[in-house]
Amino acid sequence: MTVLTYGVAGWLFLVGLAGIVRSNNVIGVVICLGVVQSSTYVLLLAIGYRTGAKAPILADIPTGTPVVDPVVQALTLTDVVVEATVTAVLLALAVQAHKRFGSLDPDAMTRMRG
Amino acid sequence: MTRSARMVVFAVSAAGLATLMAVAFAGLPSFGDYSGRYGRIIAQIAIPDRAATNAVTFTAFDVRGVDTMVEEFIVFAAAIAAVALLRHLRGEPEREARPGDVLRPLTSPAVRVMGAALVGPTVVIALNLVAHGAITPGGGFQGGVVLAAGAVILVAAGGRVRLPPDEPPLLAEIVHGAGAAGFVLLGLAGLVFAGAFLDTTWAGHGTPGMLLSAGSIPLLNVATGLEVSGALIVIAAEFLEQEMLAMEPESS
C-alpha cells in the first residue's frame, strides 16, 4: 500500500517529465509541467494522511479527534498557487515566443537574433 | 539532438531517478501512519488560541503568515510579469483600432444565457469561500480564484468587447494592489496592536465557528481574495488582449 501510494507521486513526476522531453509544442510542455507539479500534491497529501483520521476542519468533530496533518495541506495550497502563477507566466512566454519564431515547436526556437 | 536520441537519454536518467525515488519512498513513514508533531500541535491550539476551526487556514494565515504573504507577492509578481511579457513588441504590426470598433459575440445565445445565469452564483460562492475561510474549507486564495472565474465567464459568454483593449483593466489593477498592500498593513497592525508582525490576535478572539472570529485571519483572507482575484483578472485580460489582436474586427 505504501509503495503504491507514493509510487503514484513518482509515476506522475516521471510521466510528466517524459511529456516535457518528447513534446513538440511549448503549450504541451507547460501542461506536462503541471502534471509534474501535481505529483508534489499527491506526495504531500499522502505523507500527511492518517488512517481513520478526519479532515482538519475542527468545527463539527469532538475535541481531540485525530485529524490528518494540516501543515502539509497548507503547503499543498502554496504549491497550487505557485503552479498557477508559473503556468500563467510560461503561457505568456509562449505567446511571445510564437510571435518571435512563428512556431510553438521548442526545436524551432534555437535560433538567436541580435 | 534528435527527438529519439533525447528520449533514449531521458529513459536512462529516468530509470536512475526512479530508483532513487524508490529508495527515498522506502524511508518515508508508511502510508497512514504519519503523526507529525506540528500538525498535532496545530490541531490542538487552533480553537483554544485563535477560535479558528479550519486548521489549514489557521496554518497558512497565522502560523506561517509571513510565508503566505510572500506567496501573495508571487501572485502579484506573476500578474506584473504577464503584463510586461504581453506588451506590444517593437516592430509588431499595430492594428489600427477605430473608435467604436466592436467585436461581435462569437457565442451562441444558449452559451450567453448560461453564462449570465452562472455569473451570480459564482460570485456568491466566491464571497462565501473568502468570508468563511477560517471556519470551513476555503479561504482567500480559493475564493479569489472563483471570483476571477466569474469575470472570465462574463467575458467568455459575454456580448461585445470594445476595442482597443490597450491597458490592463484599471479596477482589477487597483484591487490586486490593494489586496497586496492590505495584507502587509494587516501584518503591521499585528506589530502595532499585538507586538509581532502578522500576529492575528489583536482583532479579538470571537466564538469558534462564527463569521467574526479567529482574530484578523478573516481580514487577511479578504486581502488575499482581493489580491488573487485582481491579479488573475489582469492576467486573463492580458491573454484576452492577445487573442483580440489576432482577430479581425468587424466595424459596427
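Residues numbered from 1 in each chain as written. Chains lettered and ligands numbered in written order. Predicted model: local features only at pLDDT ≥ 70, side-chain atom pairs only at ≥ 80, totals over all residues. Heavy atoms only, no water.

## Quick word on the overall build of chain B
Now for step 1: Assigned secondary structure in chain B consists of eight helices and three strands.
Now for step 2: When its helices and strands are written in sequence order, chain B yields α-α-α-α-β-α-α-β-α-α-β.
Now for step 3: Going through the 252 residues of chain B one by one, you find that 38% of them count as buried.
Now for step 4: Accessible surface for chain B amounts to roughly 13000 Å². Of this, 70% is attributable to carbon and sulfur atoms. (Helix = DSSP H or I, 4+ residues; strand = E, 2+ residues; numbered from the N terminus. Buried < 20%, exposed > 50% of the residue type's maximum accessible area, 1.4 Å probe, protein only. Areas by Shrake-Rupley, 256 points an atom, 1.4 Å probe, with all protein chains shown as cover.)

## Comments concerning unusual backbone geometry
Now for step 1: Positive phi outside glycine occurs at Leu 198 of chain B, with the angle close to 65°.
Now for step 2: Given a relative accessible area of 6%, Leu 198 of chain B falls into the buried group.

## With respect to helix α2 (residues 37-50) of chain B
Now for step 1: The end-to-end C-alpha separation of α2 of chain B is 19 Å, in line with the 20 Å expected for 14 residues at 1.5 Å each.
Now for step 2: Within α2 of chain B, the axis deviates most sharply at Gln 44 of chain B, by approximately 30°, and proline Pro 48 of chain B lies no more than four positions further along.
Now for step 3: For α2 of chain B, every residue scored as buried is listed here: Gly 39, Ile 42, Ala 46 and Arg 50 of chain B.
Now for step 4: Contacts from the buried residues of α2 of chain B go to α3 (70-101) of chain A together with α3 (55-63) of chain B. (Expected span 1.5 Å × (residues − 1). Bend = angle between axes of the 7 residues up to and from the residue. Contact = heavy atoms within 4.5 Å.)

## Notes on the packing of aromatic side chains
Residue and element names in this part refer to chain B.
Now for step 1: A complete count under the given rule lists four aromatic pairs over all chains for this structure.
Now for step 2: Note on Phe 61 and Phe 141: the rings are 6.3 Å apart at their centroids and 35° apart in plane angle, and the pair reads as tilted. With a gap of 80 residues between them, Phe 61 in helix α3 and Phe 141 in helix α6 (residues 140-157) connect regions that are remote in the sequence. Here Phe 61 and Phe 141 have matching classes, each one buried.
Now for step 3: Relative to Phe 183, the ring of Phe 61 has its centre 6.2 Å away and its plane inclined at 40°; by these criteria the two rings are tilted. On the criterion of sequence distance, the pair formed by Phe 61 in helix α3 and Phe 183 in helix α7 (residues 170-193) is long-range, its members being 122 residues apart. You'll find Phe 61 and Phe 183 in the same group, each marked buried. (Phe/Tyr/Trp six-rings, centres within 6.5 Å; stacked < 30°, edge-to-face > 60°.)

## A short note on the interface of chain A and chain B
Now for step 1: Taken together, the 48 residues of chain A in the interface contact 52 residues of chain B.
Now for step 2: Between chain A and chain B the total buried area reaches about 4200 Å² when both faces are included, carbon and sulfur atoms providing 73% of it.
Now for step 3: Summed over the three residues of chain A that lose the most area to chain B, namely Tyr 6, Val 21 and Leu 58 of chain A, the buried surface amounts to 14% of that side.
Now for step 4: Run the count over chain A and chain B and you get zero salt bridges.
Now for step 5: At the boundary of chain A and chain B, one finds six residue pairs in polar contact (both at pLDDT 80 or more).
Now for step 6: The leading source of residues in the side of chain A that touches chain B is α3 of chain A, at 19 residues.
Now for step 7: Residues that form the side of chain A that touches chain B fall into these classes: 29 nonpolar, 12 polar and seven charged. (Buried area = accessible area lost by both parts, 1.4 Å probe. Salt bridge = Lys/Arg side-chain N within 4 Å of Asp/Glu carboxyl O. Polar contact = N/O pair within 3.5 Å; in protein donor to acceptor, adjacent residues only side chain to side chain. Nonpolar A, V, L, I, M, F, W, Y, C, P; charged D, E, K, R; others polar.)

## A closer look at the packing of α3 of chain A against helix α4 (residues 65-85) of chain B
A pair of packed helices can be characterised by two numbers: the angle between their axes and the separation between those axes.
Now for step 1: Closest axis-to-axis distance for the α3 of chain A/α4 of chain B pair is 9 Å, and the angle between their directions is 10°. The orientation of α3 of chain A with respect to α4 of chain B, classified from their angle, is roughly parallel. Where α3 of chain A abuts α4 of chain B, its residues Leu 77, Thr 78, Val 81, Val 82, Thr 85, Val 89, Ala 92, Leu 93 and Gln 96 of chain A lie against Glu 71, Ile 74, Val 75, Ala 78, Ala 81, Ala 82 and Leu 85 of chain B. (Axes fitted to C-alpha atoms, helices over the stretch in contact; angles between N-to-C directions. Parallel < 35°, antiparallel > 145°, perpendicular 65-115°, else oblique.)

## Remarks on the confidence of the model for chain B
Now for step 1: On average, residues of chain B carry a pLDDT of 80, and 85% of them reach 70 or more.
Now for step 2: Predicted confidence in chain B is weakest over strand β3 (residues 250-251) of chain B, with a mean pLDDT of 50, and strongest over α4 of chain B, with 89. (pLDDT = per-residue confidence, 0-100.)

## Some words on the pattern of salt bridges
Residue and element names in this part refer to chain B.
Now for step 1: Under the defined criterion, the tally for this structure stands at two salt bridges over all chains.
Now for step 2: Two residues, Arg 64 and Asp 67, come together in a salt bridge whose shortest N-O distance is 2.9 Å.
Now for step 3: Judged by relative accessible area, which is 37%, Asp 67 ranks as partly exposed.

## Comments concerning the nonpolar core
Now for step 1: Membership of the largest hydrophobic core comes to 33 residues, with the highest contact counts inside it found for Leu 58 of chain A together with Phe 58, Phe 61, Phe 141, Phe 183, Ile 217 and Leu 220 of chain B.
Now for step 2: Elements that contribute at least two residues to this core include exactly α3 of chain A together with α2, α3, α4, α7 and α8 (217-245) of chain B.
Now for step 3: Not counting residues within four places of it along the chain, the set of residues in contact with Ile 217 of chain B comprises Ala 52, Thr 57, Phe 58, Phe 61, Asp 62, Ala 134 and Thr 200 of chain B.
Now for step 4: By size, the runner-up hydrophobic cluster in this structure holds 10 residues, among which are Tyr 6 and Val 21 of chain A together with Phe 10 and Met 21 of chain B. (Core = buried A, V, L, I, M, F, W, Y, C linked by side-chain atoms within 4.5 Å.)

## Comments concerning the layout of surface pockets
Now for step 1: In this structure, the second largest pocket occupies an estimated 340 Å³ of space.
Now for step 2: Lining the second largest pocket are 22 residues, and of these Leu 58, Gly 64 and Thr 65 of chain A together with Ala 43 and Gln 44 of chain B sit closest to its centre.
Now for step 3: Its residues assigned to classes, the lining of the second largest pocket shows 12 nonpolar, seven polar and three charged. (1 Å grid on protein atoms, 1.4 Å probe; cavity = no way out; pocket = protein on both sides within 12 Å on 5 of 7 lines; lining within 4 Å. Points joined across faces, edges and corners; volume = space filled by probe spheres on them.)

## Considering a nonpolar patch on the surface
Residue and element names in this part refer to chain B.
Now for step 1: Together, Val 66, Val 70, Ile 74, Leu 185, Leu 188, Leu 191, Val 192, Phe 193 and Phe 197 give the surface a local cluster of nonpolar side chains, amounting to about 820 Å² of exposed area.
Now for step 2: For the nonpolar patch, the elements supplying multiple residues, two or more each, are α4 and α7.
Now for step 3: The element contributing the most residues to the nonpolar patch is α7, with five residues.
Now for step 4: If you trace the backbone, Val 66 turns up in helix α4.
Now for step 5: Of the residues examined, Val 66 reaches a relative accessible area of 44% and is grouped as partly exposed. (Patch = residues over 30% accessible without salt bridge, like charges linked within 9 Å, V, L, I, M, F, W, Y side chains within 5 Å.)

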